[in-house]
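Chains, contacts and geometry: an overview
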Amino acid sequence: MGKALFITGTGTDIGKTYVTALIVKKLRDAGLNGGYYKAALSGAVRDEGGELQPGDALYVKKVAGIGEEASNLVSYIYEEAVSPHLAAKINREPINFGRVEADYRRAKEKYEYLTMEGSGGIICPLRWDESQHMVLDDLVKHLNLGVLIVADAGLGTINSAVLTIEHLRARGIPIRGIVFNNYLPQDIMQEDNARMIEEMTGVKVLAYVKKGDRDLDIRVEVLKGLYE
């Protein structure tokens, strides 16, 4: 069985999928068997035949060159661009975490380095009904995963990053580091953001991703070391 790493964001639409694709690409470009998995995806669009298409998985598959059907990379796909727990309620298709765990284990057996992408931020509800309450951090803890945090490099990131880190620590979830997305080199505020987050939390910013980057600026050996 391979090793795995969970990717979360400090919020929604901060480029988590973009960074995840670069991570998997980096591994595969180095000749490593890198794979991708996501438990639940909402906001999917339909193709000409009316079938829902898992956009995040399709993007990672294309960028990283994963030769597998996108449907094998995601367990639950919802059309509505809302939190998975609400999309599940709308569609009357609640997430079965036995299925998620089985899909995750299957992917972990197939790939040497499995990158699991979350939905939204770490407190994103996955299921919230009369039968079960499950938040994303519950799933991460259940699967015994370490977390790499993707944060926007711009204004407000100190607050969102520190709060995410403090929450993960309160849940006893290992933190592997931070990746800054939408980074502007020599920007005094963004450089200070990174310094302040590191000094306030002790968690390092391991990589900086600029808009349009096609490669992750991190040594492969360092990246491999984040997986367990």
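Coordinates for the structure precede this section.
A quick note: this is a predicted structure, and the numbers were derived from the prediction, not measured. (Residues numbered from 1 in each chain as written. Predicted model: local features only at pLDDT ≥ 70, side-chain atom pairs only at ≥ 80, totals over all residues. Heavy atoms only, no water.)

1. Quick look at the overall build of the protein chain
Note the threshold: In this description a helix means any DSSP run of H or I spanning at least four residues, a strand means any run of E spanning at least two, and both kinds are numbered starting from the N terminus. We take the radius of gyration over the C-alpha atoms and set the globule estimate at 2.2 Å times the residue count to the 0.38 power. Here a residue-residue contact requires only that any non-hydrogen atoms of the pair lie within 4.5 Å. Where accessible areas are quoted, they stem from the Shrake-Rupley method and a 1.4 Å probe; at the residue level, only the protein chains shown are allowed to cover. We score Asp and Glu as negative and Lys and Arg as positive, and we do not count His or the chain ends. Charge placement uses NZ in Lys and CZ in Arg. For Asp and Glu, CG and CD serve respectively.
Within the protein chain, the regular secondary structure consists of eight helices and eleven strands. Against the 2.2 N^0.38 benchmark of 17 Å for 228 residues, the protein chain shows a C-alpha radius of gyration of 17 Å, consistent with a compact globule. Summarising its shape, the C-alpha atoms of the protein chain cover approximately 50 × 40 × 35 Å along the three principal directions. Restricting the contact set of the protein chain to residue pairs at least 6 apart, pairs at least 24 apart contribute 75%. A total of about 10700 Å² of accessible surface is found on the protein chain, and carbon and sulfur atoms cover 49% of it. Distance between charge centres in the protein chain, computed from 28 positive and 32 negative side chains, equals 4 Å.

2. Regarding the pairing of strand S10 (residues 175–181)
The condition that has to hold: Think of it in three bands: with a 1.4 Å probe and only protein chains considered, a residue is buried below 20% of the maximum accessible area for its type, exposed above 50%, and partly exposed in between. Here a strand pair is declared whenever DSSP counts at least two bridges between the two strands. When the strands point away from the viewer, a crossover counts as right-handed if the path from the first strand over the helix to the second runs clockwise.
Most of S10 sits inside the fold, with five of its seven residues counted as buried. Bridge analysis of strand S9 (residues 147–152) against S10 gives six bridges, and the strand direction is parallel. Paired with Val150 across the bridge in S10 is Val179. You can see the chain leave S9, run along helix H6 (residues 157–170) and come back into S10, and the turn it takes is right-handed. In terms of strand pairing, S10 meets strand S11 (residues 205–208) through three bridges, oriented parallel. Paired with Ile178 across the bridge in S11 is Val205. Of the crossover connections in this fold, the one passing from S10 over helix H7 (residues 188–201) to the parallel S11 is right-handed.

3. Structural notes on a nonpolar patch on the surface
What counts here: A patch is a set of surface residues, each over 30% in relative accessible area and not in a salt bridge, joined within 9 Å for like charges and within 5 Å for the nonpolar side chains Val, Leu, Ile, Met, Phe, Trp and Tyr. Between Lys or Arg on one side and Asp or Glu on the other, a salt bridge is scored when a side-chain nitrogen of the former is within 4 Å of a carboxyl oxygen of the latter.
Side chains of Leu155, Ile188 and Met189 sit close together on the surface and give an oily, nonpolar patch of about 370 Å² of accessible area. Here Leu155 lies in the loop between S9 and H6.

4. Regarding the side chain of Thr20
Here Thr20 lies in helix H1 (residues 16–29). In this structure, Thr20 is in contact with Ile7, Tyr36, Thr115 and Glu117, ignoring residues within four places of it in sequence.

5. So, the environment of Asn33
Structurally, the position occupied by Asn33 is in the loop between H1 and strand S2 (34–41). Look at Asn33 and you get partly exposed, because its relative accessible area is 30%. Separated by 33 residues in the primary sequence, Asn33 and Ile66 have C-alpha atoms spaced 9.4 Å apart. If we skip the residues at most four places from it in the chain, Asn33 touches Arg28, Lys110, Tyr111, Glu112 and Tyr113.

6. Some details on the pattern of salt bridges
Taken as a whole and judged by the stated rule, the model has 18 salt bridges. For the salt bridge of Lys26 with Asp215, the shortest nitrogen-to-oxygen distance reads 3.4 Å. On the criterion of sequence distance, the pair formed by Lys26 in helix H1 and Asp215 in the loop between S11 and helix H8 (220–224) is long-range, its members being 189 residues apart. Asp56 is paired through a salt bridge with Lys38; the nearest N and O atoms lie 2.6 Å apart. Pair noted here: Asp56 is in helix H2 (residues 55–64) and Lys38 is in strand S2, with a separation of 18 residues, a long-range link. Taken together, the shared-partner salt bridges connect Lys38, Asp56 and Glu117 into one network.

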